[in-house]
Amino acid sequence: MTDPINVLLIGAGEINFGSVEGPWNHTLRLERILGARLRVIALIDVDGARAKAAIDAKLASPASSAYANCKVYPTVAEAARALLPDVPHLVIVGAPPFARGTDIPGRDLELQLVNAFPRCALFVEKPVSSGPEDACWRVAEVLAKNGSIVGVGYMLRYLKAVQMIKQIIADEGLVVMGTNARYVMAYEWARKLAWWDKTRSGGPIVEQATHFCDLSRYFGGDVQLNSVVAHSVQHHEAPGQLRAKRFDEEVIPPENRLPRLTSATWKYKDGAVGNLTHVIALHGNTYDTEFEVYADGYKFKLVDPYSTPKLYIRRPGKEQEEVHTFVDDDPFHTELATFVDVVEGRSPHEQI
Ligand SMILES: NC(=O)c1ccc[n+]([C@@H]2O[C@H](COP(=O)([O-])OP(=O)(O)OC[C@H]3O[C@@H](n4cnc5c(N)ncnc54)[C@H](O)[C@@H]3O)[C@@H](O)[C@H]2O)c1
């Protein structure tokens, strides 16, 4: 295909333009995926100066032609008024969760977008909302009724390792018996106060572990929500004392401080059982993350999905685990590339 793809960006922050903290950077991935077809038609951000600086930097980069006609607007309404008839084909909604995911005016970016651009596909960052749960379901209903193509910024589904597990499950006709997700965070250099305040970040499950919850649902299916049970180690308990913090946690009200370990279990609607353990425990920088899937005769263990994913497979008739290492498997690339394929009709639109 050679037709241009019109992209509207919301948010001039780290998820769309990159950060020193991690590999996320949606514009860089879109440049690689779409090449000369990418046409960023507008950037919406309430912080006009930040938005202008982000676009100026792009105009000085090798990808400048994609941004040559990019305009900056503070709101969806202003962009909609000014852009027509140049409507976006897809929007990356990279604003913080308090600005979206509800039908409360001012916190309703998705609804503003479907009203302004009804045929546009939305790639919404995680967490899908930090507002009331019922409001979030109402937004999902509007998007479903409108037939909108929606992707969410959980990036692990289209990793080669994850797709390999999916393929074996399909080829062998396996029924998933259980999933076990373990996310052990290295906290020593996590110093943003907002991250350590659950009223501001949503806490470690919403902020980090939901990436693995998404993967769990990808293999286990829908969850019986009333079956979820969790235990935690709180900051004031003896096992919750952390020695390597490099910030002053005392300035955060005690009731807002993060649990150190959360362990949850649940039943999927199809009968399998899910487990999730999130721990704030390791020193240094490197996280330790593992995700397992069990089925009759099989154990799949995905290790380190964010950097160099490794997949360990134990199969029937073979006591020795086989090991597959996947180099250059960028989850941020594969997720957006799959989304673009869906938007362009090359991949089916999965209803989940
Ligand atoms: N999927 C991932 O791996 C991943 C990685 C990093 C961040 N994120 C998510 O991306 C989202 C944004 O994070 P970030 O790090 O880019 O934040 P950020 O603070 O760096 O940038 C957010 C930008 O949104 C703007 N903004 C706020 N309210 C707005 C509104 N109503 N309309 C338009 N713009 C508005 C802000 O002015 C700011 O420039 C968060 O939900 C975060 O969790 C996801």
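Here, the structure is the one placed above.
Residues numbered from 1 in each chain as written. Predicted model: local features only at pLDDT ≥ 70, side-chain atom pairs only at ≥ 80, totals over all residues. Heavy atoms only, no water.

A. Structural view of the nonpolar core. Ile-169, Leu-215, Phe-219, Phe-291, Val-293 and Phe-300 are the most contacted members of the largest nonpolar core, which totals 31 residues. Counting only elements with at least two residues in this core, the list comes to α7 (160-172), β7 (176-186), α9 (203-220), β9 (261-267), β11 (288-295), β12 (298-303) and β13 (310-315). Not counting residues within four places of it along the chain, the set of residues in contact with Phe-291 comprises Thr-179, Asn-180, Ala-181, Phe-212, Leu-215, Ser-216, Phe-219, Phe-300, Lys-301 and Leu-302. (Core = buried A, V, L, I, M, F, W, Y, C linked by side-chain atoms within 4.5 Å. Buried < 20%, exposed > 50% of the residue type's maximum accessible area, 1.4 Å probe, protein only. Helix = DSSP H or I, 4+ residues; strand = E, 2+ residues; numbered from the N terminus. Contact = heavy atoms within 4.5 Å.)

B. Representation of the sheet that holds β9. Taken in spatial order, the eight strands make up an open sheet running β8-β9-β10-β7-β11-β12-β13-β14, and their pairing is mixed. Of all the strands in the sheet, just β8 (229-233) and β14 (318-325) have a single pairing partner and so form its edges. Here the strands of the sheet are splayed against their neighbours by 10° on average, with no regard to which way each runs. The pairing of β7 with strand β10 (residues 273-282) spans nine bridges and is parallel. Opposite Asn-180, over in β10, you have Asn-275 as the bridge partner. Lying over the sheet, α7 contacts β7, β11, β12, β13 and β14, oriented at roughly 170° with respect to β12. Strand contacts of α9: β7, β9, β10, β11 and β12, with the helix running at about 160° to β7, the strand carrying the most contacts. (Pairing = 2+ DSSP bridges. Axes fitted to C-alpha atoms, helices over the stretch in contact; angles between N-to-C directions.)

C. Highlighting the site of the ligand. Around the ligand, 25 residues are found, and the nearest of them are Ile-15, Asp-45, Arg-100, Lys-126 and Gly-153. For the ligand, an oxygen atom lies 2.9 Å from a polar atom in the backbone of Glu-14. At 2.8 Å from an oxygen atom of the ligand is found a main-chain nitrogen or oxygen belonging to Lys-126. For the ligand, the protein covers 82% of the area, taking 850 Å² as the surface of the free molecule. Taken together, the residues that form the shell around the ligand break down as 13 nonpolar, five polar and seven charged. (Near = heavy atom within 4 Å. Polar contact = N/O pair within 3.5 Å; in protein donor to acceptor, adjacent residues only side chain to side chain. Areas by Shrake-Rupley, 256 points an atom, 1.4 Å probe, with all protein chains shown as cover. Nonpolar A, V, L, I, M, F, W, Y, C, P; charged D, E, K, R; others polar.)

D. Just α9, in detail. Over its 18 residues, α9 runs 24 Å from end to end, which matches the ideal 26 Å to within 8%, given 1.5 Å per residue. Along α9, the helix axis deviates most sharply at Ala-209, where the bend reaches about 65°. Among the residues trailing α9, Gly-221 stands out with phi positive, at a value near 90°. (Expected span 1.5 Å × (residues − 1). Bend = angle between axes of the 7 residues up to and from the residue.)

E. Main features of the side chain of Asn-25. Here Asn-25 is to be found in the loop between α1 (14-17) and α2 (26-34). You can call Asn-25 buried: its relative accessible area is 13%. Here the side chain of Asn-25 touches Thr-27 through a polar contact of 3.1 Å, side chain to side chain. Once residues lying within four places of it in the same chain are set aside, the contact partners of Asn-25 are Glu-14, Ile-15, Asn-16, Phe-17 and Gly-18.

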